[in-house]
Amino acid sequence: MNERREQAWAKWRELVGEQEQSGQSVAAFCRDRELAQSQLTYWKRRVREAAKAPFVEVKLAQPGAEPRVHARALRSTTIEVRLKNGRSLMVAASFDARHLRTLLAVVESC
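Residues numbered from 1 in each chain as written. Predicted model: local features only at pLDDT ≥ 70, side-chain atom pairs only at ≥ 80, totals over all residues. Heavy atoms only, no water.

A few points about the overall build of the protein
From N to C terminus, the protein includes 5 helices and 3 strands. Ordered by position in the sequence, the α and β elements of the protein form the string α-α-α-β-α-β-β-α. Relative to its 110 residues, the protein shows a buried fraction of 21%. The long-range share in the protein, meaning contacts at least 24 apart out of those at least 6 apart in sequence, stands at 41%. In the structure as shown, the protein presents an accessible area of about 8,400 Å², 50% of it carried by carbon and sulfur atoms. (Helix = DSSP H or I, 4+ residues; strand = E, 2+ residues; numbered from the N terminus. Buried < 20%, exposed > 50% of the residue type's maximum accessible area, 1.4 Å probe, protein only. Contact = heavy atoms within 4.5 Å. Areas by Shrake-Rupley, 256 points an atom, 1.4 Å probe, with all protein chains shown as cover.)

This is the structure:
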């Protein structure tokens, strides 16, 4: 995902969250913030659909251990991230960048 698209997603995820927590109707929320109601509705649907994305399994390899890759996984596009602590993460290329950053922060802190 390019930087501009990532920024748009971050902006709208935040606005969708604010609207849901505010207790205001979409119309009132948009009026207060001078947003187009149709835009917020569109992004609410996209954010909701993205939240339903399938879970992608991530496996941690012990430091010094060779990651085990099953033959069927070799046919798919995966990314291996080698961490400073010697561990590796293998994720699908389509794994959400935001989730990957969060996951890396957690794993690096262990």
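Examining the packing of helix 1 (residues 3–22) against helix 3 (residues 37–51)
It is the contact of helix 1 with helix 3, at a shortest axis distance of 9 Å, that shows an interaxial angle of 100 degrees. As summarised for this structure, helix 1 and helix 3 are arranged roughly perpendicular, according to the angle between their axes. Touching Trp9, Trp12, Arg13, Leu15, Val16, Gln19 and Glu20 of helix 1 are Gln39, Leu40, Trp43, Lys44, Arg46, Val47 and Ala50, all from helix 3. When the residues that make up the contact of helix 1 with helix 3 are grouped by side-chain class, the tally is 8 nonpolar, 2 polar and 4 charged. (Axes fitted to C-alpha atoms, helices over the stretch in contact; angles between N-to-C directions. Parallel < 35°, antiparallel > 145°, perpendicular 65-115°, else oblique. Nonpolar A, V, L, I, M, F, W, Y, C, P; charged D, E, K, R; others polar.)

What about the confidence of the model for the protein?
On average, the protein scores 77 in pLDDT, and the residues at 70 or more come to 71%. Per-element confidence in the protein ranges from a low mean pLDDT of 42 for helix 4 (residues 71–74) to a high of 95 for helix 2 (residues 26–33). Segment residues 69–75: pLDDT under 50, and 4 contacts once partners within four positions in sequence are set aside and those in other chains are kept. (pLDDT = per-residue confidence, 0-100.)

Here's the deal with the nonpolar core
Listed in full, the 10 residues of the largest apolar core are Trp9, Trp12, Leu15, Val16, Val26, Phe29, Cys30, Leu40, Trp43 and Val47. Of all the elements in the fold, those that place two or more residues in this core are helix 1, helix 2 and helix 3. Once residues lying within four places of it in the same chain are set aside, the contact partners of Val26 are Gln19, Gln37, Leu40, Thr41 and Lys44. (Core = buried A, V, L, I, M, F, W, Y, C linked by side-chain atoms within 4.5 Å.)

Quick look at unusual backbone geometry
In this structure, Glu34 takes a positive phi of about 55 degrees despite not being glycine. In this structure, Glu34 sits in the loop between helix 2 and helix 3.

Observations concerning helix 2
Among the residues making up helix 2, those that are buried are Val26, Ala28, Phe29 and Cys30. Where helix 2 is buried, its residues meet helix 1 and helix 3. Of the residues flanking the end of helix 2, it is Glu34, one or two places downstream, whose phi is positive at about 55 degrees.

Focus: the side chain of Lys44
With respect to the secondary-structure elements, Lys44 resides in helix 3. Sequence-distant contacts of Lys44, defined by excluding residues within four places in its chain, comprise Val16, Gln19, Glu20 and Val26.

Observations regarding the packing of aromatic side chains
Overall, the coordinates contain 3 aromatic pairs when judged by the stated rule. Between Trp9 and Trp43, the aromatic rings sit 5.1 Å apart at their centres with planes inclined by 85 degrees, giving edge-to-face as the arrangement. Of this pair, Trp9 sits in helix 1 while Trp43 sits in helix 3, and the two are 34 residues apart along the sequence. The aromatic ring of Trp43 is capped on one face by Arg46, whose charged end is 4.9 Å from the ring centroid. (Phe/Tyr/Trp six-rings, centres within 6.5 Å; stacked < 30°, edge-to-face > 60°. Lys NZ or Arg CZ within 6 Å of the ring centre and 35° of its normal.)

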